[in-house]
Amino acid sequence: MAMFRSLVASAQQRQPPAGPAGGDSGLEAQYSCPICLEVYHRPVAIGSCGHTFCGECLQPCLQVPSPLCPLCRLPFDPKKVDKAGHVEKQLSSYKAPCRGCSKKVTLAKMRVHVSSCLKVQEQMANCPKFAPVVPTSQPIPSNIPNRSTFACPYCGARNLDQQELLKHCVESHRSDPNRVVCPICSAMPWGDPSYKSANFLQHLLHRHKFSYDTFVDYSIDEEAALQAALALSLSEN
């Protein structure tokens, strides 16, 4: 087995470096931001997962207390988001055909070219316009409940997402004997705003391990720590 691995490694070392995947036709897609779906503009990379986005596109994610990568949903430190210099160099080096006139343009100038390309403008003008299946005159509802952040039912601390609410309650209220209404359940269409959980912390951990909006679960280490804290609380009581 060791000999086989060494043969594979030596064969890989002899291979010439590969160019961009997909050739010219796939370059624009390969160097497009997953958020705006356009060629990167002032790209930045998240340090923990390495995913790249336009600097402007990632800005909204940096404004929340616990940002998640828009692509893989892993948490990241906003201080460890850096300019993707290697991507900018590649944007200036590689050329791809315009999707309208087929003229080859460097990726760094593709956005500017597309915005002024007459062929692209014609294609956009010929695209079918969106129309609702059934016309309606009903106004957009303005009383949609907030299902992203919640208030602590014990002390009223506000603007906590599901993970923050669980951490807050374990750290600050694990010995509180009061029966309280789950703010997450009560915000749901099927929720009962008057139902009080007999053991709110156990309810949070088992019922709300997943986010209804993002379906992102806790890490194994984090869940184990919370389980241990709850077990300690039960043994103390």
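Residues numbered from 1 in each chain as written. Predicted model: local features only at pLDDT ≥ 70, side-chain atom pairs only at ≥ 80, totals over all residues. Heavy atoms only, no water.

As recorded in an unreviewed UniProt entry, the chain goes by E3 ubiquitin-protein ligase RNF166 and comes from Microcebus murinus. Listed under Subcellular location (unreviewed entry) in UniProt, the entry text for the chain is "Cytoplasm". Recorded in UniProt for the chain, the comment headed Catalytic activity (unreviewed entry) runs: "S-ubiquitinyl-[E2 ubiquitin-conjugating enzyme]-L-cysteine + [acceptor protein]-L-lysine = [E2 ubiquitin-conjugating enzyme]-L-cysteine + N(6)-ubiquitinyl-[acceptor protein]-L-lysine." (UniProt positions renumbered as here; feature names shortened; annotations may be inferred.)

A.B. asks: How do you make sense of the sheet that holds strand E3 (residues 81-83) when you look at a structure like this?
C.D. replies: Sheets are built from strands paired through backbone hydrogen bonds, the pairs being either parallel or antiparallel. Spatially, E2-E1-E3 is the arrangement adopted by the three strands of the open sheet, whose pairing is antiparallel. Each edge of the sheet is formed by a strand with only one pairing partner; in this case those strands are strand E2 (52-54) and E3. Adjacent strand axes in the sheet meet at a mean angle of 35 degrees, parallel and antiparallel pairs treated alike. One ladder, built from three bridges, connects strand E1 (residues 43-46) with E3; its direction is antiparallel. (Pairing = 2+ DSSP bridges. Helix = DSSP H or I, 4+ residues; strand = E, 2+ residues; numbered from the N terminus. Axes fitted to C-alpha atoms, helices over the stretch in contact; angles between N-to-C directions.)

A.B. asks: Just to check I follow, could you spell out the packing of helix H7 (residues 162-173) against helix H9 (residues 200-207) for this structure?
C.D. replies: When two helices pack together, their arrangement is given by the angle between their axes and by how far apart the axes lie. Contact geometry of H7 with H9 gives a least axis separation of 10 Å together with a crossing angle of 155 degrees. When the interaxial angle is binned, H7 and H9 end up roughly antiparallel. In this structure, H7 crosses over H9, and the sense of that crossing is left-handed. Contacts from Leu165, Leu166, Cys169, Val170 and His173 in H7 reach Phe200, Leu201, Leu204 and Leu205 in H9. Its residues placed into classes, the contact of H7 with H9 shows eight nonpolar, one polar and no charged. (Parallel < 35°, antiparallel > 145°, perpendicular 65-115°, else oblique. Left-handed = near helix turned anticlockwise from the far one by under 90°. Contact = heavy atoms within 4.5 Å. Nonpolar A, V, L, I, M, F, W, Y, C, P; charged D, E, K, R; others polar.)

A.B. asks: Help me understand the packing of aromatic side chains in this model?
C.D. replies: Throughout the structure, instances matching the rule amount to two aromatic pairs. A ring pair is formed by Tyr31 and Tyr94, whose centres lie 5.8 Å apart and whose planes are at 55 degrees; its orientation type is tilted. Taken as a pair, Tyr31 in the loop between helix H2 (23-30) and E1 and Tyr94 in the loop between helix H4 (85-93) and strand E4 (95-97) lie far apart in primary sequence, 63 residues in all. On the basis of relative accessibility, which here comes to 7%, the residue Tyr31 falls in the buried class. (Phe/Tyr/Trp six-rings, centres within 6.5 Å; stacked < 30°, edge-to-face > 60°. Buried < 20%, exposed > 50% of the residue type's maximum accessible area, 1.4 Å probe, protein only.)

A.B. asks: Got a minute to help me understand H7 in this structure?
C.D. replies: Three- or four-residue spacings in an α-helix give side chains the same orientation, since the helix completes a turn every 3.6 residues. Helix length check: H7 (12 residues) gives 15 Å between terminal C-alpha atoms against 16 Å at 1.5 Å per residue, within 8%. The complete set of buried residues in H7 reads Gln162, Glu164, Leu165, Leu166, His168, Cys169, Val170 and His173. Regarding H7, its N-cap is Asp161, as a side-chain oxygen of that residue lies 3.2 Å from the backbone nitrogen of Gln163 further along. (Expected span 1.5 Å × (residues − 1). Polar contact = N/O pair within 3.5 Å; in protein donor to acceptor, adjacent residues only side chain to side chain.)

A.B. asks: Explain the state of the cysteines here, please?
C.D. replies: Here, the word disulfide means a covalent bond between the sulfur atoms of two cysteines. On inspection of all chains with the given rule, the structure shows zero disulfides. With no disulfide partner, Cys169 has as its closest neighbouring cysteine sulfur the one in Cys152, 4.2 Å distant. Cys169 sits in the buried class, given a relative accessible area of 0%. Looking at Cys185, it has no disulfide partner, and the nearest cysteine sulfur is the one in Cys182, 3.8 Å off. Since its relative accessible area comes to 11%, Cys185 is described here as buried. (Disulfide = S-S within 2.5 Å.)

A.B. asks: Please clarify how the environment of Val44 should be interpreted in this entry.
C.D. replies: Following the sequence through the fold, Val44 ends up in strand E1. The exposure class of Val44 is buried, given its relative accessible area of 15%. Separated by 39 residues in sequence, Val44 and Lys83 have C-alpha atoms that sit 4.3 Å apart. Here Val44 is in contact with His51, Thr52, Phe53, Cys54, Gly55, Leu58, Val81, Asp82, Lys83 and Ala84, once residues within four sequence places are set aside.

A.B. asks: Honestly, the pairing of E1 in this entry has me stumped. Any pointers?
C.D. replies: Burial along E1 is two-sided: the face carrying Pro43 and Ala45 and the face carrying Val44 and Ile46 are both buried. Bridge count between E1 and E2: three bridges; the pairing is antiparallel. Across the sheet, Val44 pairs through a bridge with Phe53, a residue of E2. In textbook terms, the turn of a hairpin is the stretch between consecutive antiparallel strands, and for E1 and E2 this stretch comprises five residues, one of which, Gly50, has a positive phi near 85 degrees.

A.B. asks: Honestly, the side chain of His173 in this entry has me stumped. Any pointers?
C.D. replies: Mapped onto the elements of the fold, His173 is located in helix H7. Ignoring any residue separated from it by four or fewer positions in sequence, one finds His173 in contact with Cys152, Tyr154, Cys155, His168 and Leu201.

A.B. asks: Is there a simple way to think about unusual backbone geometry in this case?
C.D. replies: With the exception of glycine, most residues fall at negative phi, and the peptide bonds are largely trans. Even without being a glycine, Arg42 presents a positive backbone phi close to 50 degrees. Tracing the backbone through its elements, the reader meets Arg42 in the loop between H2 and E1. Residue class for Arg42 comes out exposed when judged on its relative accessible area of 63%. In this structure, Ser102 is a non-glycine residue whose phi angle is positive, near 70 degrees.

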